[in-house]
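Analysis of the macromolecular model
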Amino acid sequence: MSDSNIPGDELEDSAAPLIEHLAELRTRLIRCVVAFLIGMVICFTVATPIFTFLTSPLCQVLAERGQDCDLIFISPQEGFFVAIKVSLLGGFILSFPYLANQMWRFVAPGLYKSEKGAFLPFLVASPFMFFLGASFAFYVVTPLAYDFFLGFQQFGTGGEALPDGDPQNAAPLSVVFQGSAQEYLNLTIKFIVAFGLCFQLPVLLTLMGKAGLVTAPGLKAVRKYAVVGILVLAALVTPPDVITQIILFTVVYGLYEVSIFLVARVEREREKRLRAEGLWFDDEDEDEDADADDVAEGMEAHPEEMLDDETKK
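**Some details on the overall build of the protein chain**
Helix and strand counts for the protein chain come out as 12 helices and two strands. Helices (α) and strands (β) of the protein chain occur, in sequence order from the N terminus, as α-α-α-β-α-α-β-α-α-α-α-α-α-α. By the burial criterion, 28% of the 313 residues in the protein chain qualify as buried. Of the contacts made within the protein chain by residues no fewer than 6 positions apart, 74% connect residues no fewer than 24 positions apart.

**Considering a nonpolar patch on the surface**
Among the surface-exposed residues, Ile30, Val34, Ile38, Ile42 and Leu94 lie close enough to one another that they form a single nonpolar patch of about 450 Å² accessible area. Per element, the largest residue contribution to the nonpolar patch is four residues, and it comes from helix α1 (residues 8–45). On the basis of relative accessible area, isoleucine 38 is assigned to the partly exposed category, the value being 48%.

**Quick word on the state of the cysteines**
Within the structure shown, the criterion is met by one disulfide. Shown here is the disulfide that connects cysteine 59 with cysteine 69, its sulfur atoms set 2.0 Å apart. What sets the handedness of the cysteine 59 and cysteine 69 disulfide is the S-S torsion sign, and at about -60° it is left-handed. Note that cysteine 59 is positioned in helix α3 (residues 56–64) and cysteine 69 in the loop between α3 and β1 (71–72), a separation of 10 residues in sequence. Relative accessible area serves as the criterion here: at 28%, cysteine 69 is assigned to the partly exposed category.

**Digging into the packing of helix α2 (residues 47–54) against helix α4 (residues 78–107)**
With their axes 9 Å apart at the nearest point, α2 and α4 run at an angle of 80° to one another. Classified by the angle their axes make, α2 and α4 are roughly perpendicular. Here Ala47, Ile50 and Phe51 of α2 come into contact with α4, specifically with Val82, Ala83 and Val86. Residue classes in the contact of α2 with α4 are distributed as six nonpolar, no polar and no charged.

**Looking at α2**
Residues spaced three or four apart along an α-helix face the same direction, because each turn holds 3.6 residues. For α2, the full list of buried residues reads Ala47, Phe51 and Leu54. Angularly, the buried residues of α2 cover 55° about the axis, an arc narrow enough to put them on a single face. Opposite the packed face of α2, turned more than 90 degrees from it, sit the exposed residues Thr48 and Pro49.

**Some thoughts on the nonpolar core**
Burial of nonpolar side chains together is a common tendency in soluble globular proteins. In this structure, Phe191, Phe195, Phe199, Leu219, Leu248 and Tyr256 are the most contacted members of the largest nonpolar core, which totals 26 residues. If one sorts the elements of this core by residue count, helix α10 (residues 242–277) sits on top with eight residues. Core analysis: the second largest hydrophobic core is formed by 18 residues, Ala134, Leu150, Leu185 and Ile189 among them.

**Description of the environment of alanine 83**
For alanine 83, the location among the structural elements is in helix α4. Taking relative accessible area as the criterion, alanine 83 reaches 16% and is therefore assigned buried. Linking alanine 83 and valine 46, residues 37 residues apart in sequence, is a C-alpha distance of 9.1 Å. Dropping the residues within four chain positions of it, alanine 83 is found in contact with Phe44 and Ala47.

**A short note on α4**
The end-to-end C-alpha distance of α4, which contains 30 residues, comes to 41 Å, matching closely the 44 Å that a straight helix rising 1.5 Å per residue would cover. The axis of α4 is deflected most strongly, by about 55°, at phenylalanine 96, and proline proline 97 appears within four residues downstream. Those residues of α4 not exposed but buried are Glu78, Val82, Ala83, Val86, Ser87, Gly90, Gly91, Ser95, Leu99, Ala100, Gln102 and Trp104.

**Some remarks on the environment of proline 202**
Take proline 202: it is sitting in helix α7 (residues 201–210). When the C-alpha positions of proline 202 and methionine 129 are compared, they lie 8.8 Å apart, and in sequence the two are 73 residues distant.

**Digging into the pattern of salt bridges**
If you walk through the whole model with that rule in mind, you get four salt bridges. Taking the shortest distance from any N to any O, the salt bridge between glutamate 24 and arginine 28 comes out at 3.3 Å. With glutamate 24 and arginine 28 both in helix α1 and four residues apart, this pair spans about one turn of that helix. Note on arginine 28: relative accessible area 12%, which makes it buried.

**Considering the packing of aromatic side chains**
Per the stated rule, a full pass over the model turns up 11 aromatic pairs. A ring pair is formed by phenylalanine 80 and phenylalanine 81, whose centres lie 5.6 Å apart and whose planes are at 65°; its orientation type is edge-to-face. Given the relative accessible area of 49%, phenylalanine 80 is considered partly exposed. Summarising the aromatic geometry, the rings of tyrosine 146 and tyrosine 184 are spaced 5.2 Å apart at their centres and angled 35° between planes, so their arrangement reads as tilted. You can see tyrosine 146 sitting in helix α5 (residues 113–150) and its partner tyrosine 184 sitting in helix α6 (residues 181–198), a full 38 residues away along the chain.

**Things to note about the environment of alanine 125**
Take alanine 125: it is sitting in helix α5. Here alanine 125 falls in the partly exposed class, since its relative accessible area comes to 26%. Residues alanine 125 and valine 203, spaced 78 residues apart in sequence, show a C-alpha to C-alpha distance of 7.0 Å.

Definitions and cut-offs
- Residues numbered from 1 in each chain as written.
- Predicted model: local features only at pLDDT ≥ 70, side-chain atom pairs only at ≥ 80, totals over all residues.
- Heavy atoms only, no water.
- Helix = DSSP H or I, 4+ residues; strand = E, 2+ residues; numbered from the N terminus.
- Buried < 20%, exposed > 50% of the residue type's maximum accessible area, 1.4 Å probe, protein only.
- Contact = heavy atoms within 4.5 Å.
- Patch = residues over 30% accessible without salt bridge, like charges linked within 9 Å, V, L, I, M, F, W, Y side chains within 5 Å.
- Areas by Shrake-Rupley, 256 points an atom, 1.4 Å probe, with all protein chains shown as cover.
- Salt bridge = Lys/Arg side-chain N within 4 Å of Asp/Glu carboxyl O.
- Disulfide = S-S within 2.5 Å.
- Axes fitted to C-alpha atoms, helices over the stretch in contact; angles between N-to-C directions.
- Parallel < 35°, antiparallel > 145°, perpendicular 65-115°, else oblique.
- Nonpolar A, V, L, I, M, F, W, Y, C, P; charged D, E, K, R; others polar.
- Arc of directions from axis to C-beta.
- Core = buried A, V, L, I, M, F, W, Y, C linked by side-chain atoms within 4.5 Å.
- Expected span 1.5 Å × (residues − 1).
- Bend = angle between axes of the 7 residues up to and from the residue.
- Phe/Tyr/Trp six-rings, centres within 6.5 Å; stacked < 30°, edge-to-face > 60°.

Next up, the structure:
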């Protein structure tokens, strides 16, 4: 139907809810931005303690090697940008509960009661799994990664560098870690975000299973492809350390198997509900219905032949 055939009052009525939704979305986005900025300012005032906390995995590895935990700035503005990045990360984490609440309050009015009950657990599980993955990366993976990287240092006798003079009497070359604060922060944030996103796998697949986009048998059928994909992911995200890669592969593959279990549970609950409502049909029932449909079509196409066959029987 063209717009010319729609009365003007109906057009105004249909446009009004859209404008109201856009106005509400703008209001909630403004609130989210304000909350994020407030969290960022708060974290900026305590950026130094936060950065000290983030350097604890590196300092622990250096202490085990008998080295001081000293990071340097290789440019004048690096300290400012480090504080900004710490504030961005901390502001997002600090304001996330409020951001999630605003998103839920915007989406919830358009959902049925059953849909609210289905969507709310995922809204709670998603940040929980992200923080679980981030904690796993920070306390387990990051120390292993830095221990691997720092294993390539070279120390001369007493830690001195190669002096000028006779090479035969010279001490071995000393190559000691003097890390950039910004480069260390970038790598640490990369680990935290990557593992936090990897831990979203059960939430994502379970939500897709609830929507009917994936099934447990389908996930089992592509298990071998999932193994290859997880191996590639482990090689890209982690350093070239076999132990770290094995840990990431084991964890993510375990999450994939947990996802299959959760999707199968969702399917069983859906089947149970449909059976209670009388809307579930087994495969045998569907086959019988299909045979009955074939017979009916045959009767319509060749009624005389079908009657002769029945008479002969």
